[in-house]
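If you want the building blocks of each chain, they are given just below.
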Amino acid sequence: MAQKIPATVVTGFLGAGKTTLIRHLLQNADGRRIALIINEFGDLGVDGGILKGCGIENCSEDDVMELSNGCICCTVAEDFVPTLQKLLDRDQPPEHIVIETSGLALPQPLVRAFNWPEIRTRVTVDGVVTVLDGPAVAAGQFAADVAAVDRQRAADDMLDHETPLSELFEDQLACADMVILNKADLLGPEGTEALARAQRGRLRPGVQVVPAAMGAVDPAVLLGLGMAAEDDLSARHEVYHHHHHHDDDDHDHDHDHDHAHEHGHDAFESFVVTLPALPDPQAFLSQVTDVIAAQGILRLKGFAAVEGKPMRLVVQAVGPRIDSHFDRPFAAGEAKETRLVVIGVAGLDREAIAAALRDAARLMPAA
């Protein structure tokens, strides 16, 4: 059966920095075909160099626009599911789909839509990413400009105008697989850590909190979470039950006007640890969970050799969750070793991590 195409849902209040995060992602796609679903092209404001020569508005008659870096951008023309089908039916379907919701959208109904029979076998929710305005949340607000959020809500006939913003906020957190604390540069290291600690207490176990400035999050951190959120809706409880989104149309206008800055991935780092073949992969993976928690590692992925086995073991960790499976035999002449890429926020203690992984690799099977 063909592999499902992963989709990332990006949610968060007006002004939190969703558009800036997505713009940065597209600018650093490195040849990966990413499709972006938004309400209007004008909301994106992508740097002109990334767009093809044509004007944004009339780039394509069927609401799908090719970007010069291999990415695709499309609007929700009539309804979300037909738009998704149109993307999936392309001669060259995207490798990853990113969906930007309205600042007042509930992520749960959108995730639920991925269970529709027309698309269920073809696409999966890789993860729900909720973007927070760090300074605003630290100050007890949900957005820097609460009046603008209220104006957005008043203009939207689909919303229950009486529902407190606090409940919408809780819903966005309840559905999240990763929370981006944006504008962390305005909080400073101590303020960022205090806010991250406070948010972790409100989240499901294993949900990662990642600080960012100007929405600059490395695609290696943001994509590939592998959560299959549509199969896990019961854990993503909705606080806000009084909404009127009966048709799952969560794509209202979103006017994030954050200024784009050219920002590299200097806030994140990655390095490779090479180890010998593992005598006991289960004991190793069990220890790796502890190393990830102790060292604040966001992602760990790679391949391991196992003593006495001709196949290589694929290892992928997102926060505390580790998946592994054998994928193929080692090729003739290929080194039978373990190579793991460690990814995290800049400042990782590389020596301590490498030493801990080396120790874990030496573990022998229990007698």
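See the structure shown above.
Note that the structure is a prediction, hence the values are computed from the model and not measured. (Residues numbered from 1 in each chain as written. Predicted model: local features only at pLDDT ≥ 70, side-chain atom pairs only at ≥ 80, totals over all residues. Heavy atoms only, no water.)

Chemist: Can you break down the environment of Ala 267 residue by residue, with the values?
Modeler: In this fold, Ala 267 is placed in the loop between α8 (219–222) and β9 (268–275). For Ala 267, a relative accessible area of 32% puts it in the partly exposed group. In this structure the C-alpha to C-alpha distance between Ala 267 and Ala 213, which are 54 residues apart in sequence, comes to 8.2 Å. Setting aside its immediate chain neighbours within four residues, Ala 267 contacts Val 345 and Ala 346. (Helix = DSSP H or I, 4+ residues; strand = E, 2+ residues; numbered from the N terminus. Buried < 20%, exposed > 50% of the residue type's maximum accessible area, 1.4 Å probe, protein only. Contact = heavy atoms within 4.5 Å.)

Chemist: Before we move on, could you go through the environment of Ile 297 and cite the residues and values that matter?
Modeler: Mapping Ile 297 onto the fold places it in the loop between α9 (281–295) and β10 (299–305). In this view, Ile 297 contacts Gln 208, Val 291, Ile 292, Val 342, Ile 343 and Ile 353; residues no more than four positions away in its chain are not counted.

Chemist: Any details on the pattern of salt bridges? Residues and values, ideally.
Modeler: For the coordinates displayed, the defined rule picks out 16 salt bridges. In this structure, the salt-bridge partner of Asp 133 is Lys 183, at a minimum N-O distance of 2.9 Å. Residue Asp 133 is located in strand β6 (residues 123–133), and its partner Lys 183 is located in the loop between β7 (178–182) and α7 (188–200); the two are separated by 50 residues in the primary sequence. For Arg 312, the salt bridge goes to Asp 327, with nearest N and O atoms at 3.1 Å. Here Arg 312, found in strand β11 (residues 311–318), pairs with Asp 327, found in strand β12 (residues 321–329); they are 15 residues apart in sequence, far enough to count as distant. Note on Arg 312: relative accessible area 12%, which makes it buried. It is possible to trace a salt-bridge network through shared partners that takes in Asp 177, Arg 204, Asp 232 and Arg 236. (Salt bridge = Lys/Arg side-chain N within 4 Å of Asp/Glu carboxyl O.)

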